[in-house]
Amino acid sequence: MKLLPILATWLALPIAAQAQESVTIALDWTLNTNHIGLVVAQEKGFYSDAGLEVELLPYSDSASTAVLAAGAADYAYMTSLGFMSAKAAGADIVALWATMQRENGRLVFNASNEAITRPADLEGKIYAGFGSAWEDALISTMIQADGGTAEYDTVTMGTGAYEALASGAVDFTLEVATWEGVNGELLGREQKHFTYADYGVPDQQNGYIGTTSANLTQDPQQVKAFMTATQQGYQWAAENPDQAAELLIGAGEFQNPELVRGSMAALAEGDYIKAGPTPVGTIDKERFATMARFLFDSGVLKGPGGAALTWPGDVSGWFDQGWMAE
């Protein structure tokens, strides 16, 4: 039997080339190493092989959780606080993934500041902050766990906090060890830090990827295809950090490529993305629930309209990793 030329060509094409389904994911911030697996999956063809054409929607004034909940994106990359805050407020979204297998945030101060040797010493000091209720809950918990009184002054400065700390204009701030921490080292800044989990704050995973409940229900095949390819991207990045850094540098506009390279090295050396035999992206249900409870009890999570919330007793329905099943 002879096939028509067009039909013969169609059948000879790889499946991915025959039908590429368009998928979008909203980013939580400007492109950085947290998003490395997404970029790798694009550049290495993992999404294409899964029959997907994936667009990374750049960070905008709207939170990625809001973009997702509004149906303006199929998926979203979200901080744990961003996801849990949106979910508690009634957003019908579901977490599918956790990038960082342990907390990579920390409280940082100048090594030359001899007045700070422990969290209790932060009492009465000046904090350069970012304007979220999470920060006060975190810092207050750390100070009180060390026997101090949670009384300190806050100046909201956003990303200007790091220059303010370096100049000595403020006493302490919070940073991501695998990004701002690496940048500080590249700049030769001598700083010390306290780890949150050492002083009463639950260790958490971070960097959630999620979708809407409707998408999870209506198109589980797409969810599985997208998340499996994403997992493949992060797995490859964790095993090939140097090459992954170069792919990210080629995909974005970075004023300091060495920061990207240093960040990827820190992620790999610290086992942030790949932790032992645990599959990349796995959400730890116990730690998920513990952090949610901490945020509820601290009054950080609010209901619709800012209403106070009480612990619901179970948040297992907030995430779904059925896509991992064989």
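**Let's talk about the pattern of salt bridges**
Working step 1: According to the stated counting rule, one finds 8 salt bridges in the structure shown.
Working step 2: Note that Arg118 is salt-bridged to Asp146, the shortest N-O span being 2.8 Å. Of this pair, Arg118 sits in the loop between β5 (105-110) and β6 (126-129) while Asp146 is found in the loop between α7 (133-145) and β7 (153-156), placing the two residues 28 residues apart along the sequence.
Working step 3: Residue Asp146 is classed as buried on the basis of its relative accessible area, which comes to 16%.
Working step 4: Ionic pairing is found between Asp284 and Arg287, a salt bridge with its closest N-O pair at 3.5 Å.
Working step 5: Of the residues examined, Arg287 reaches a relative accessible area of 21% and is grouped as partly exposed.
Working step 6: Among the charged side chains, a network of salt bridges with common partners joins Asp203, Asp284 and Arg287.

**Quick look at the confidence of the model for the protein**
Working step 1: Per-residue confidence for the protein gives a mean pLDDT of 94; residues scoring 70 or more make up 94%.
Working step 2: In the predicted structure, residues 1-11 sits below a pLDDT of 50 and forms 4 contacts with residues beyond four places in sequence or in another chain.

**Structural notes on the nonpolar core**
Working step 1: Formed by 46 residues in total, the largest nonpolar core has its most connected members in Met84 and Leu107.
Working step 2: Mapped by element, the contributors of at least two residues to this core are α5 (64-69), β3 (75-78), α6 (80-88), β4 (93-100), β5, α7, β8 (172-176) and α14 (285-297).
Working step 3: Here Met84 is in contact with Tyr208, Phe288, Met291, Ala292, Leu295, Leu301 and Trp318, once residues within four sequence places are set aside.
Working step 4: Membership of the second largest hydrophobic core comes to 40 residues, among which are Val23, Ile36, Met100 and Trp323.

What counts as what
- Residue positions within a chain follow its written sequence, with the count starting from 1.
- Only residues with pLDDT of 70 or above have their local features reported here, since the model is predicted, and side-chain atom pairs are shown and tallied only from 80 upward, although totals for entire chains, interfaces and linings are computed over all residues.
- Based on all heavy atoms of the structure, the side-chain values leave hydrogens and waters out of the count.
- The salt bridge criterion pairs a side-chain nitrogen of Lys or Arg with a carboxyl oxygen of Asp or Glu, the two atoms within 4 Å.
- Secondary structure is summarised from DSSP: a helix means a run of H or I of at least four residues, a strand means a run of E of at least two, and numbering begins at the N terminus for each.
- Under the scheme applied here, a residue whose accessible area is under 20% of the maximum for its type counts as buried, over 50% as exposed, and between as partly exposed, the area being computed with a 1.4 Å probe on protein chains only.
- Values of pLDDT, ranging from 0 to 100, describe the predictor's confidence in every residue of the model.
- When checking whether two residues touch, look at their non-hydrogen atoms; a contact exists if any pair is within 4.5 Å.
- Note on terminology: a nonpolar core comprises buried Ala, Val, Leu, Ile, Met, Phe, Trp, Tyr and Cys residues joined through side-chain atoms within 4.5 Å.

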